[in-house]
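A closer look at the structure
Okay, here's what each chain looks like letter by letter:
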Amino acid sequence: MKEIAGYGLRGEIEFLRKNNNRSVNRQKKIHSIKIKTFHIVFIIFFFILLGYSAFKVGEFMTGWEKLNVKTIKLLNSPKYMTGNVRKALKGYRGNILTLDFEKLRSDLLQIREVSDVSISRKLPSTIEIRFVLRNPVFQFKSRGKYNIIDKDGVILSRKSHSQKDFITIKNIDSEKLKKVVPNLNDLSKIREVIDYISYRDPYGTVLKLKGLNEVFYTGNNIRTDRIRYYFKLKKKLGFSKQKIRRVDLRFKNRFYLEFEEEVI
């Protein structure tokens, strides 16, 4: 009987222990859920508060008068198209933080004289714009005006009189200019010695150098190394500069010379 009573007591104790463990575990789970829920709610509230604060700060900053654009600083500004620059910048005022730099850059690149441009903010109220400009090298006369162009043939300005600082392209219209343009980049490298450039069918680009009597027919592919080689050959053969009128450089491995008088 004692054994039966002891067994019954141990069973009851085991039952109570298990039941107590289940209660404790359930309470732990409930407590854990409460803690997690609190953390989640706190985090959500924190981000809402953070977002709202950021919104209010942004609203304040974009409406703050001290951040309104007061100065636009131009570095290496265009020389010929200053009016176009002023026109492009006219609508870009207001808050410096909300200024659309991409559109401003796009508008400034529409100016033919501008090759590239970079824009930066100098807080609180200054915009700095740095231009990369096309380099004017050539001039050609069309419709009574001298058109100033760069090595890519882009017209940068129109002048009523010839300019001393630029290589002259003579006796040429706009259509023939398009044929000369591919050679302008190479010609700009020897600008100091060029008297003028022209175009003549079927010879292509015509080149006249300063201080020389002869005119060079270069075709559609100017090679300055061939011009240098011609001078070496001319010196070697003993030709005086007055005897050669034209030099045809269009053909590979040979020159054709036209003389003012027959050489005996």
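Located above this text is the structure these notes cover.
Heads up: these notes are all about the structure in this document.

**A short note on the pattern of salt bridges**
Taken as a whole and judged by the stated rule, the model has 12 salt bridges. Linking Asp150 and Arg134 is a salt bridge whose minimum nitrogen-to-oxygen distance equals 3.1 Å. Pair noted here: Asp150 is in the loop between β5 (145-149) and β6 (155-159) and Arg134 is in the loop between β3 (126-133) and β4 (138-142), with a separation of 16 residues, a long-range link. You can call Asp150 buried: its relative accessible area is 3%. Across the pair Arg223 and Asp225 runs a salt bridge, and its minimum N-O distance is 2.7 Å. Overall, Asp225 belongs to the partly exposed group, its relative accessible area being 34%.

**So, the sheet that holds strand β2 (residues 114-122)**
Sheet architecture is open: 3 strands sit in the order β1-β3-β2, paired in mixed fashion. Here the strands that pair on one side only, and so sit at the sheet edges, are β1 (71-75) and β2. Adjacent strand axes in the sheet meet at a mean angle of 20°, parallel and antiparallel pairs treated alike.

**Description of the nonpolar core**
Counting residues in hydrophobic clusters, the biggest one holds 26 residues, and the most contacted among them are Phe138, Ile169, Leu187, Ile194, Ile197, Leu207 and Phe216. Secondary-structure elements contributing two or more residues to this core are β4, β7 (167-169), α4 (174-188), β8 (194-200), β9 (204-209), α5 (224-237) and β11 (244-248). What Ile197 contacts, discounting residues up to four positions off in sequence, is Phe138, Ile167, Thr168, Ile169, Lys170, Val180, Leu187, Thr205, Val206 and Leu207. Leu67, Ala88, Leu99 and Ile127 belong to the second-largest nonpolar core, a separate cluster that totals 20 residues.

Here is what the cut-offs are and how they apply
Residues numbered from 1 in each chain as written. Predicted model: local features only at pLDDT ≥ 70, side-chain atom pairs only at ≥ 80, totals over all residues. Heavy atoms only, no water. Salt bridge = Lys/Arg side-chain N within 4 Å of Asp/Glu carboxyl O. Helix = DSSP H or I, 4+ residues; strand = E, 2+ residues; numbered from the N terminus. Buried < 20%, exposed > 50% of the residue type's maximum accessible area, 1.4 Å probe, protein only. Pairing = 2+ DSSP bridges. Axes fitted to C-alpha atoms, helices over the stretch in contact; angles between N-to-C directions. Core = buried A, V, L, I, M, F, W, Y, C linked by side-chain atoms within 4.5 Å. Contact = heavy atoms within 4.5 Å.

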